[in-house]
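Report on the structure
Below are the chains, spelled out letter by letter.
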Amino acid sequence: MNDHLIALSGVDMAIIAIYFVAVVGIGFYLKRFAESGEDFFMAGREMTAWVAGLSFVSANLGSLELLGWAGASYQYGILAAHWYWIGAIPAMIFLGIVMMPFYYICKTHSVPGYLELRYGPAASGLSAISFAFMTILMSGVNMFAMASVMRVLLGWNIHLSIWVSSVTVGLYVVAGGLFSAIFNEVLQFFLIWFGALLIPVLGLIETGGWDGMVARIQKNFPGQDFTHAWSTLGHFGDNPMGMHWTGIVFGLGAMLSMGYWTTDFLVVQRVLSAKDMRSAKMAPVLGSFFKMAVPLIVILPGLIGLAVLPSLAMPHPLGPESALLAGQHSYNDVLPLIMVRYFGPGLLGLGVTALIAGFMAGMAGNTSAFGTVWTYDIYRHFFNKNASDAHYVSMGRWCTIVGLVLSIGTAYLVMGFASIMDYVQALFGFFIAPLFPTVLIGMLWKRATGAGGFLGLLAGVVSSVSMFFTMKYVPSSIAIIALSDKAQGLARDMYQALWAGLICVVVTVVVSLMTQPKSDKELEGLVYGATAIPKEEDTGFWGKPIVWACVSLAIFALLQVIFW
Amino acid sequence: MEKHHIIPVWFFVGLLLAIYGALICFSGISEYSHLPNTVLAELHAPVWWGAIMTVVGVVYIVANRPK
């Protein structure tokens with residue numbers, strides 16, 4: 001009896017092997033171009049809008065997300081698409097059109113770098129330390145998740161997967177820095193799309209189109225609605241998620257997604273590498289079109305799974321105690337199960353390579369981000385302010401290796417304590433939700449002071465942590481914090497983010513009004529009203545980022561209507 | 001991205017897609033008479049999907065080849 005889902009043929013193994021050779025080869029090719037700090041940490045700030053935009057989306061489109069959200073789609077239906085639509089598109093457009101001028105003009109290398117310029121070292125230090133911690137944790141989680149998934153899918157030894165992937169990522173990131181990370185994210189983007197797009201094509205052929213799929217879902221799960229995105233959100237009990245529309249719009253759309261897409265260092269770093277202001281504004285706008293299309297390869301497979309694989313079980317955390325061992329499959333297995341259903345030799349290899357690419361790009365992205373935040377925002381700022389550029393590049397290369405070793409340690413920690421995975425998403429919520437109002441207030445309100453920014457951020461983090469543990473250990477508090485005792489995990493996250501963000505705003509404003517602001521001269525390049533936004537070169541009507549932003553928002557609105 | 005005359009990332013994308021597309025297409029052709037045990041195998045997806053990947057890959061290689 002097979003203890004793994006997929007049996008690879010020779011052509012599949014060749015496809016996987018070629019990928020490993022390609023990424024290491026590209027990394028060593030790029031090494032000669034990554035000798036200065038600007039090159040190693042910021043890819044020379046020479047990325048075109050398309051490269052920056054694709055890597056911006058890819059940095060977020062990892063395999064943990066592919067597998068996890070296909071599973072979430074199986075569990076919650078099309079409601080999971082909100083995390084790709086209202087949970088991303090408005091925020092990406094906002095980043096490109098409103099916030100990028102300030103990030104780009106001040107020539108910062110990171111979000112903590114902006115916070116230091118705007119609020120001073122306290123806010124920057126808090127943000128930098130939390131980013132550094134989170135990137136190592138996420139790199140380790142990606143590493144462990146990949147090894148675990150490969151063990152379940154292919155029967156590969158978990159330790160071998162961890163070490164082979166770490167050494168490969170280490171080789172190409174140490175060699176080429178952010179150039180390598182971005183190049184491989186663009187490769188990953190194409191691999192994931194070509195590896196996964198065939199699934200909904202074949203799935204809809206098998207089910208007889210969208211209507212046929214919906215009919216089968218209704219037959220398999222009578223009385224439940226999995227295919228309407230908004231009409232079931234009028235009451236917490238009307239949908240599989242236990243969610244109300246206010247949580248989706250204000251918690252997810254206004255707070256969590258804004259926090260992630262506009263301040264998460266990993267994604268913002270890619271846009272900061274753009275070659276000019278117009279490219280920096282256009283990159284997230286371009287990315288928004290691709291992000292809107294991701295439900296095709298993530299959400300739709302989950303829905304197809306509901307139609308053709310109706311017997312999957314409650315989700316397990318990705319860990320050694322996989323549902324497969326019990327003879328059942330969990331929701332998180334829906335994407336690989338669908339792959340096995342439709343893909344023979346060759347296509348299977350492509351699909352598995354796409355998953356591997358997604359995991360490794362996630363490790364590389366987090367590792368390169370850790371290197372930048374540690375070198376510039378922690379080491380240079382607190383320990384060694386006046387070293388040479390070559391010294392910082394060397395530090396960046398060494399801390400990439402250290403970061404990978406720490407990630408391996410984290411991977412083994414997660415292996416030993418699988419419930420840590422439950423805290424990973426929560427950790428993001430603690431730091432990201434309050435960071436967005438802190439950065440936004442800093443960009444739009446001259447009166448915001450250093451003390452206000454730091455204390456607002458701290459209050460947001462502390463309140464987020466407090467709410468998380470209160471809801472965990474005092475279940476009766478869920479009805480107050482998440483507005484309903486029926487609220488499930490994701491719904492609780494949304495309201496936790498919303499309240500933490502609001503607390504951050506109130507504290508920032510109150511403390512700022514009681515403390516001394518900086519002068520206009522000190523705020524030049526950092527805040528609206530004290531910054532001359534340079535005129536963009538005239539590229540005609542269709543070359544303007546705002547035009548494409550409007551097109552993107554129009555398509556987004558149309559999708560909400562179609563899938564109401 | 002043209003600084004230091006770096007080969008564009010699109011060239012590498014094209015190279016990988018062309019190689020993968022050719023491998024998958026030929027694999028699909030080789031199994032034409034003895035199909036794998038998958039749903040909709042009779043559609044021969046590896047053949048046409050591999051061909052599409054190869055064509056896209058070649059276009060990217062030609063359009064972005066190092067000068």
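Residues numbered from 1 in each chain as written. Chains lettered and ligands numbered in written order. Predicted model: local features only at pLDDT ≥ 70, side-chain atom pairs only at ≥ 80, totals over all residues.

With that settled, the discussion passes to the overall build of chain A. Of regular secondary structure, chain A possesses 22 helices and zero strands. Taken against the 2.2 N^0.38 rule, which gives 24 Å for 564 residues, the C-alpha radius of gyration of chain A at 23 Å falls within 12% of a compact globule. Once the C-alpha set of chain A is aligned to its principal axes, its extents read approximately 70 × 55 × 55 Å. Taking all 564 residues of chain A together, the buried fraction comes to 59%. Expressed as a percentage of contacts within chain A between residues at least 6 apart in sequence, the contacts between residues at least 24 apart total 84%. (Helix = DSSP H or I, 4+ residues; strand = E, 2+ residues; numbered from the N terminus. Rg over C-alpha atoms; globule rule 2.2 N^0.38 Å. Buried ≥ 20, exposed ≤ 12 C-beta atoms within 10 Å, placed from the backbone. Contact = placed C-beta atoms within 7 Å.)

This paragraph deals with the overall build of chain B. When its secondary structure is counted, chain B shows two helices and zero strands. For chain B, whose C-alpha radius of gyration is 15 Å, the value lies well above the compact-globule estimate of 11 Å for 67 residues. When the backbone C-alpha atoms are referred to their principal axes, chain B occupies close to 50 × 15 × 10 Å. Sorting the 67 residues of chain B into buried and exposed places 34% on the buried side.

Residues and elements named next belong to chain A. As a packed pair, helix α3 (residues 49–58) and helix α13 (residues 277–293) sit with axes 7 Å apart at the nearest point and diverge in direction by 50 degrees. Looking at the two axes, α3 sits oblique to α13. Here the hand of the crossing between α3 and α13 comes out right-handed. Contacts from Ala49, Trp50, Ala52, Gly53, Phe56 and Val57 of α3 reach α13 at Ser279, Met282, Ala283, Pro284, Leu286, Gly287, Phe290 and Lys291. Considering only residue class, the contact of α3 with α13 consists of 10 nonpolar, three polar and one charged. (Axes fitted to C-alpha atoms, helices over the stretch in contact; angles between N-to-C directions. Parallel < 35°, antiparallel > 145°, perpendicular 65-115°, else oblique. Left-handed = near helix turned anticlockwise from the far one by under 90°. Nonpolar A, V, L, I, M, F, W, Y, C, P; charged D, E, K, R; others polar.)

This next bit is on helix α8 (residues 158–196) of chain A. Residues and elements named next belong to chain A. The end-to-end C-alpha distance of α8, which contains 39 residues, comes to just 24 Å, noticeably less than the 57 Å that a straight helix rising 1.5 Å per residue would cover. By the largest-angle criterion, Gly176 marks the main kink of α8, which is about 125 degrees. Counting buried positions over the 39 residues of α8 gives 31, a clear majority of the element. (Expected span 1.5 Å × (residues − 1). Bend = angle between axes of the 7 residues up to and from the residue.)

Quick look at the interface of chain A and chain B now. At the interface, 29 residues of chain A touch 26 residues of chain B. Elements with a contribution of two residues or more to the side of chain A that touches chain B: α1 (10–30), α8, α9 (198–207), α15 (334–342) and α16 (347–383) of chain A. Looking at which element gives the most residues to the side of chain A that touches chain B, the answer is α1 of chain A, with six residues.

Residue and element names in this part refer to chain A. Over its 14 residues, helix α4 (residues 63–76) extends 19 Å from the first C-alpha to the last, a length consistent with the 20 Å expected when each residue adds 1.5 Å. The element α4 is extensively covered by neighbouring structure, given that 13 of its 14 residues are classed as buried. Following α4 by one or two positions, Gly77 has its phi on the positive side, about 75 degrees.

Moving on: the packing of α3 of chain A against helix α12 (residues 265–272) of chain A. Packed helices, taken two at a time, are described by the angle between their axes plus the distance between the axes. All names here are of chain A. The interhelical angle for the contact between α3 and α12, taken along N-to-C directions, is 175 degrees, at an axis separation of 8 Å. Taken as axis vectors, α3 and α12 run roughly antiparallel relative to one another. Residues Ala52, Ser55 and Phe56 of α3 form the contact with α12, whose own contacting residues are Val267, Arg270 and Val271.

Predicted coordinates in regions of low pLDDT should not be interpreted in detail. Residue and element names in this part refer to chain A. Overall, the prediction assigns chain A a mean pLDDT of 83, with 93% of residues at 70 or greater. Per-element confidence in chain A ranges from a low mean pLDDT of 74 for helix α2 (residues 37–42) to a high of 94 for α9. Between residues 315–325, whose pLDDT stays under 50, and residues either more than four places distant or in other chains, the model counts 28 contacts. (pLDDT = per-residue confidence, 0-100.)

Attention now goes to the environment of Lys521 of chain A. With respect to the helices and strands, Lys521 of chain A occurs in the loop between α21 (489–513) and α22 (545–562). In the structure, Lys521 of chain A is positioned 10 residues away from Thr531 of chain A in sequence and 9.4 Å away in space, judged by C-alpha atoms.

What follows covers the environment of Ala59 of chain A. All names here are of chain A. Position of Ala59 relative to the elements: it lies in the loop between α3 and α4. Among the residues examined, Ala59 registers 28 C-beta atoms within 10 Å and is labelled buried. Spatially, the C-alpha atom of Ala59 lies 7.2 Å from that of Ala361, the residues being 302 residues apart in sequence. Excluding residues that lie within four positions of it along the chain, Ala59 makes contacts with Glu185, Leu266, Val267, Arg270 and Gly365.

With respect to the helices, strands and loops of the structure, Ile297 of chain A is situated in helix α14 (residues 295–308). Along the primary structure Ile297 of chain A and Leu198 of chain A are separated by 99 residues, whereas in three dimensions their C-alpha atoms are 8.5 Å apart.

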